[in-house]
2 protein chains.
Amino acid sequence: MQKYISSEDIVAMEKQKRVHFINSIGGFKSVSLVGTADNNGKTNLAIFSSSIHIGANPALMALIFRPSPPERDTLRNLIETGFYTINHINEAIYEKAHQTSARYEKEISEFEAVGLTPTYKNDFAAPYVMESAVQIGLAFKEKIDIAINNTIMVIGEIVQVHFPENCLSKDGFLDIEKANTITCSGLDSYHVTKKLDRLSYAKPDREITSIISEYFE
Amino acid sequence: MQKYISSEDIVAMEKQKRVHFINSIGGFKSVSLVGTADNNGKTNLAIFSSSIHIGANPALMALIFRPSPPERDTLRNLIETGFYTINHINEAIYEKAHQTSARYEKEISEFEAVGLTPTYKNDFAAPYVMESAVQIGLAFKEKIDIAINNTIMVIGEIVQVHFPENCLSKDGFLDIEKANTITCSGLDSYHVTKKLDRLSYAKPDREITSIISEYFE
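The structure presented is a predicted model; accordingly, all values stated were derived computationally and were not measured.

Procedures and definitions
- Residues numbered from 1 in each chain as written.
- Chains lettered and ligands numbered in written order.
- Predicted model: local features only at pLDDT ≥ 70, side-chain atom pairs only at ≥ 80, totals over all residues.
- Heavy atoms only, no water.
- Least-squares fit on C-alpha atoms with pLDDT ≥ 70 in both.
- Contact = heavy atoms within 4.5 Å.
- Buried area = accessible area lost by both parts, 1.4 Å probe.
- Salt bridge = Lys/Arg side-chain N within 4 Å of Asp/Glu carboxyl O.
- Polar contact = N/O pair within 3.5 Å; in protein donor to acceptor, adjacent residues only side chain to side chain.
- Nonpolar A, V, L, I, M, F, W, Y, C, P; charged D, E, K, R; others polar.
- Pairing = 2+ DSSP bridges.
- Helix = DSSP H or I, 4+ residues; strand = E, 2+ residues; numbered from the N terminus.
- Phe/Tyr/Trp six-rings, centres within 6.5 Å; stacked < 30°, edge-to-face > 60°.
- Buried < 20%, exposed > 50% of the residue type's maximum accessible area, 1.4 Å probe, protein only.
- Lys NZ or Arg CZ within 6 Å of the ring centre and 35° of its normal.
- pLDDT = per-residue confidence, 0-100.
- 1 Å grid on protein atoms, 1.4 Å probe; cavity = no way out; pocket = protein on both sides within 12 Å on 5 of 7 lines; lining within 4 Å.
- Points joined across faces, edges and corners; volume = space filled by probe spheres on them.

Remarks on the relation of the copies chain A and chain B
It takes a turn of 180° to lay chain A on chain B, together with a shift of 0.0 Å along the axis; the resulting RMSD is 0.0 Å. The superposition operator between the copies reduces to a two-fold rotation axis. Taking C-alpha positions as reference, the residue of chain A nearest the rotation axis is Thr193(A), located at 2.1 Å. When the interface residues of chain A are mapped onto chain B, 100% of them are again interface residues, pointing to one common binding face.

Take a look at the structure:
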């Protein structure tokens, strides 16, 4: 049976129900751990399900921030130092990743509190998550205020990418399923994936075909 | 073996490889069909993998637009009429959904070209995709120019939601895996999901537990 919910129904929902509902109706989301450090080297780690691809040239990603902790600490650190990391989440660490969303005191590093390992690579200023297979280092570029609900979009440029070599396809596609990256839905639901297919570039009046990825070894 | 790619490597990549690479490294994405009509009722349908949750109260979602077709037609229509729909994609329609990305002439409706059915509900001005199990109707609220790479973020308020009643959990969570919603990676890779778990609200010094969803019948 189809159910219909109107804007009036949404407004009338009990707050926590509305948060679950609206967060889950948008579809599966990219979920990752954002690593930062302050100017004294104190590390911070926070789970985000609001990262989004903005463009490939320059290579840009955005994150949406709410004004509450731990997102607040992440935002302050990445503006202070200019750098942050985005680390994919896999089945082995998703419970620890979820635990970073607890409101720890500012002086506590979520890395230590949840049992994940900060690691520094190639002189990058922000900490990566060692247990993550796909690690992205970004330089802070722009902060856009979203006035309609007091959120903030942060745009960063990708300056480093670390990933398992055997997941890279010869056409540039990184097979993140092969890298065991997971996805999430809503506030708290985590999912592994199973590939249906890769589809060829679509053109009018031409049949779509499967793309067989050829990987580097 | 871990591979390291720097910003210089990204800039030096052949264009199409870079597009595949950067589009796939960000994680799994929400993928959906955006339905619009112009003021004469001519329909348009386009696949987007750039939708994102902005907030629950008011209930807001954003989409990123590039200045090329078919995104251009979608953008013009939703600004002209003030309304658009976001429709989840399932295994039965993902090839048709992918085909909407072909550059059809403006006078051709992608609904007809790919074989999907426009449907109107509850006096909403924009067409839904009949074959989609989760259908969201939105009112255009705000257009934000992202100057750094000439893209545009459009924010809409959710005014209607249609979904299978048995996928709604009593705490407000909509189980989109149960509704057969799929996810995507990169430009062309489609994936079904398999739930690992729902995890309880995280607090410092408290163990995370599983949430068992109780569904409406």
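Thoughts on the interface of chain A and chain B
Contacts between the two partners involve 102 residues from chain A and, on the opposite side, 102 residues from chain B. Counting the surface lost from both chain A and chain B, the interface buries some 9,000 Å², and carbon and sulfur atoms represent 61% of this. Linking chain A with chain B are two salt bridges, by the criterion used here. The salt bridge involving Asp188(B) is made with Arg198(A); its shortest N-O contact spans 2.8 Å. If you look at where chain A meets chain B, you find 42 residue pairs in polar contact (both at pLDDT 80 or more). Along the lines of polarity and charge, the residues of the side of chain A that touches chain B split into 46 nonpolar, 34 polar and 22 charged. Summarising the sheet, strand S1 (residues 2-6) of chain A and strand S11 (residues 151-164) of chain B pair through five bridges and their orientation is antiparallel.

Considerations on the packing of aromatic side chains
Where two aromatic rings form a pair, the distance of their centres and the angle of their planes describe that pair. Across all of its chains, the model carries 10 aromatic pairs over all chains by this definition. Centroid distance Tyr94(A) to Tyr190(A): 5.4 Å. Interplanar angle 45°. Geometry classified as tilted. Of this pair, Tyr94(A) sits in helix H4 (residues 94-99) while Tyr190(A) sits in strand S13 (residues 189-198), and the two are 96 residues apart along the sequence. For the pair Tyr94(A) and Tyr190(A), one class covers both residues: buried. Directly above the ring of Phe173(A) sits Arg198(A), whose terminal nitrogen or CZ lies 4.1 Å from the centroid. Above the face of the Phe216(B) ring, Lys170(B) is positioned so that its terminal group lies 5.9 Å from the ring centre.

Focus on the confidence of the model for chain A
Across chain A, the average pLDDT comes to 96, with 99% of residues at 70 or higher. Under the prediction, the complex receives an ipTM of 0.97, its pTM being 0.97.

Some words on empty space enclosed by the protein
Applying the stated rule across the entire model yields three cavities of 30 Å³ or more. The computed volume of the largest cavity comes to approximately 210 Å³. Lining the largest cavity are 23 residues, and of these Ser30(A), Ser51(A), Ile52(A), Lys29(B) and Ser51(B) lie nearest its centre. Sorting the residues of the lining of the largest cavity by element identifies strand S2 (29-30) and strand S5 (51-56) of chain A together with helix H2 (15-25), strand S2 (29-30) and strand S5 (51-56) of chain B as the ones contributing at least two each. Looking at the lining of the largest cavity, its residues break down into six nonpolar, 15 polar and two charged.

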